[in-house]
Amino acid sequence: MHLSNREFRALMRLPGLRARLRFVAEQVADRTRANLAAARVDTDVTVSEGIRPRGRSYARVTHGDKYGEFGTEDVHRHRALGRAIGSK
């Protein structure tokens with residue numbers, strides 16, 4: 001089945017699809033918060049959503065620990081977001 005660009009953009013704007021993306025992102029955010037708490041890192045976790053310029057919907061999870069996801073010489077690596085995405 002082939003969708004036209006107009007059909008694809010309409011599909012990506014459906015409230016049900018965007019709600020499902022938000023639901024999954026909230027689950028990932030909850031697991032990220034738990035991972036951060038276990039690592040004793042106090043930072044905020046946010047979920048943002050929108051539509052990309054070419055029409056794809058998205059929901060994004062971010063946290064404020066700038067260096068902890070991958071670590072540095074001085075900051076221990078915790079991979080809170082990466083582990084939350086990988087553990088379903």
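Just so we're clear, the structure is a prediction, and the values are computed from it rather than from any experiment. (Residues numbered from 1 in each chain as written. Predicted model: local features only at pLDDT ≥ 70, side-chain atom pairs only at ≥ 80, totals over all residues. Heavy atoms only, no water.)

Draft legend 1. Representation of the side chain of His78 in the model. Tracing the backbone through its elements, the reader meets His78 in the loop between strand E2 (57-63) and helix H3 (80-86). Given the relative accessible area of 8%, His78 is considered buried. Looking at His78, its side chain comes within polar contact range of the side chain of Asp65, at 2.6 Å. Excluding residues that lie within four positions of it along the chain, His78 makes contacts with Leu36, Ala39, Val41, His63, Asp65, Gly68, Glu69 and Arg83. (Helix = DSSP H or I, 4+ residues; strand = E, 2+ residues; numbered from the N terminus. Buried < 20%, exposed > 50% of the residue type's maximum accessible area, 1.4 Å probe, protein only. Polar contact = N/O pair within 3.5 Å; in protein donor to acceptor, adjacent residues only side chain to side chain. Contact = heavy atoms within 4.5 Å.)

Draft legend 2. How the structure looks around a nonpolar patch on the surface. A surface patch of nonpolar side chains, about 430 Å² in accessible area, is lined by Met1, Leu3, Leu11 and Leu14. Mapped onto the elements, Met1 comes out in the segment before helix H1 (5-12). (Patch = residues over 30% accessible without salt bridge, like charges linked within 9 Å, V, L, I, M, F, W, Y side chains within 5 Å. Areas by Shrake-Rupley, 256 points an atom, 1.4 Å probe, with all protein chains shown as cover. Salt bridge = Lys/Arg side-chain N within 4 Å of Asp/Glu carboxyl O.)

Draft legend 3. Layout of the nonpolar core. In terms of nonpolar packing, the biggest core is built from 10 residues, these being Ala25, Val28, Ala29, Leu36, Val45, Val47, Val61, Ala80, Leu81 and Ala84. The set of elements that each furnish at least two residues to this core consists of helix H2 (15-38), strand E1 (45-51) and H3. If near-sequence neighbours (up to four positions away) are discounted, Val61 is found in contact with Ala25, Val28, Ala29, Thr32, Val45, Thr46, Val47 and Leu81. (Core = buried A, V, L, I, M, F, W, Y, C linked by side-chain atoms within 4.5 Å.)

Draft legend 4. Inspection of the environment of Ala34 at higher detail. Turning to its location among the elements, Ala34 is positioned in helix H2. In the structure, Ala34 is positioned 16 residues away from Arg18 in sequence and 25 Å away in space, judged by C-alpha atoms.

Interpretation in functional terms is not warranted from these geometric data alone.
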